[in-house]
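The residues making up each chain are set out below.
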Amino acid sequence: MKADNAIDLVGVTKKFDEVTAVREFSTEIKKGEFFSLLGPSGCGKTTTLRMIAGLEVPSEGRILLEGSDVSSTPAYRRNVNTVFQDYALFPHMSVRKNIYFPLKMKKISRCEAEPRIERVLRLVNMEGFANRLPQQLSGGQRQRIALARSLVNEPAALLLDEPLGALDFKLRVAMQKVLKDIQRNVGITFIYVTHDQSEAMTMSDRIAVMKDGLAHQIASPDEIYNNPATAFVASFIGDMNFLHGTVRDNDGKTCLLDVEGRKVTANRAVELGKGGEALVCIRTERVQINPQRSVENRGSATLSRIVYRGTDYEATCRIGQSEIRAVVQAVAWPIELRLGDTVDVAWSAEDVIVFPREEEADVIKYSAEAV
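Structure report, in brief. (Residues numbered from 1 in each chain as written. Predicted model: local features only at pLDDT ≥ 70, side-chain atom pairs only at ≥ 80, totals over all residues. Heavy atoms only, no water.)

1. Focus: the packing of aromatic side chains
Tallied over the full model, the rule gives six aromatic pairs. Summarising the aromatic geometry, the rings of F232 and F236 are spaced 5.6 Å apart at their centres and angled 25 degrees between planes, so their arrangement reads as stacked. Here the residue F232 and the residue F236 both occupy positions in helix 8 (residues 231-236), the gap between them amounting to four residues, near one helical turn. A residue is classified by how much of its surface remains accessible, and F232, at 0% relative accessible area, is buried. Residue F236 is classed as buried on the basis of its relative accessible area of 8%. Connected via pairs of aromatic rings, a cluster forms that spans F34, F190 and Y192. Its guanidinium or amino end placed over the ring of F16, K14 lies 5.1 Å from that ring's centre, counting from NZ or CZ. Over the ring of F232 we find K211, and its NZ or CZ is 5.9 Å from the ring centre. (Phe/Tyr/Trp six-rings, centres within 6.5 Å; stacked < 30°, edge-to-face > 60°. Helix = DSSP H or I, 4+ residues; strand = E, 2+ residues; numbered from the N terminus. Buried < 20%, exposed > 50% of the residue type's maximum accessible area, 1.4 Å probe, protein only. Lys NZ or Arg CZ within 6 Å of the ring centre and 35° of its normal.)

2. Re the sheet that holds strand 15 (residues 288-289)
Ordered in space as 15-19-16-17-18, the five strands form an open sheet in which the pairing is antiparallel. Looking along the sheet, the strands with just one partner apiece sit at the ends: strand 15 and strand 18 (322-329). In the sheet, strand 16 (residues 297-308) pairs with strand 19 (residues 342-347) via six bridges, with the strands oriented antiparallel. Directly across from S300, in strand 19, lies its bridge partner D344. (Pairing = 2+ DSSP bridges.)

3. What about the pairing of strand 9 (residues 206-211)?
Remember that side chains alternate between the two faces of the sheet whenever the strand is regular. Among the six residues in strand 9, six count as buried, and that is most of the element. Burial along strand 9 is two-sided: the residues R206, A208 and M210 and I207, V209 and K211 are all buried. Across four bridges, the pairing between strand 3 (residues 34-38) and strand 9 is parallel. If you follow L37 over to strand 9, its bridge partner there is A208. Pairing of strand 9 with strand 10 (residues 214-219), which is carried by five bridges, proceeds in the antiparallel orientation. By the bridge assignment, M210 is partnered in strand 10 with A215. What sits between the antiparallel neighbours strand 9 and strand 10 is a turn of two residues, in which D212 has the positive phi angle 55 degrees.

4. Digging into the pattern of salt bridges
Scanning all chains against the criterion turns up 22 salt bridges. The residue E114 makes a salt bridge to R96 at a minimum N-O spacing of 2.3 Å. Note that E114 is positioned in helix 3 (residues 110-123) and R96 in helix 2 (residues 95-105), a separation of 18 residues in sequence. For E114, a relative accessible area of 23% corresponds to the partly exposed category. With a closest N to O distance of 3.7 Å, R110 and E114 form a salt bridge. (Salt bridge = Lys/Arg side-chain N within 4 Å of Asp/Glu carboxyl O.)

Encoded structure:
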């Protein structure tokens, strides 16, 4: 336990009868950090948050809050607050009374509480709304008041369980910026649960990417995106091509692979020996169409699909029995290209990530037939 840690999770496991929802989760969350729990439904992220909040008791392991073991401490005695998706505001109380409520429970007088209420209203930019009822506010405004009520106690950590899920897309994007600005201004530790990778990548200092109760990787957004620890993380974060390959040679620094009869070079450490079956991964935005400059991996392909997406084009190309997708900025797209054209597809050896083929079972796939 370090002095600058807000929360320590030490081998935390949670079982519900025969189901293990969280498996041996360990991490240190620093004071003032924006830490996100990210993953698909049922991965254990909300259960982890509920254990930190005191709403669930760990089956194994310990939870430390500012150095004190709170594993068995009830929720009302923990110096943390939780913000839920449904806001949980009292409809019969004004904004001011909603914010005052947690202070009232601590027997803090209205006179003493008023400066704190005014401060959090300024913090969430809602100074002129103190006398309104929750039903007189928009969804985004209600979310800001829920935040203000949770912050007025000055907790050691604020726990947020998909708080933006009920908002429309543009409001959700705007609130992401508001949340990050508020967190930066107050300096309180935020622990944020979401299944939305863009939310986590936009706001977080670090992210725990979870699946089946396991944390596959805990790192910064940059590290997770560019150096995913597993094929699951590679598939869940961003847009990735997955190709089958066989290792030709591997000296620990450079790996040569055979992909559809073509040589592919990866300038990364690969834990596979010669002849090993590999899953070869390249980000879609790293794939180039008819590039002008020379790159290590290049070959011909047939253009089989073109999708215009406003700011860019997504091109699908056939390479033997495989497909590879490229996302090209609209301003750089060769407008003369047509379906069926033969094009050069290319990517740098630095952009090739290789995993053992057996990890393909963990890759997130969405079938066009299922939607």
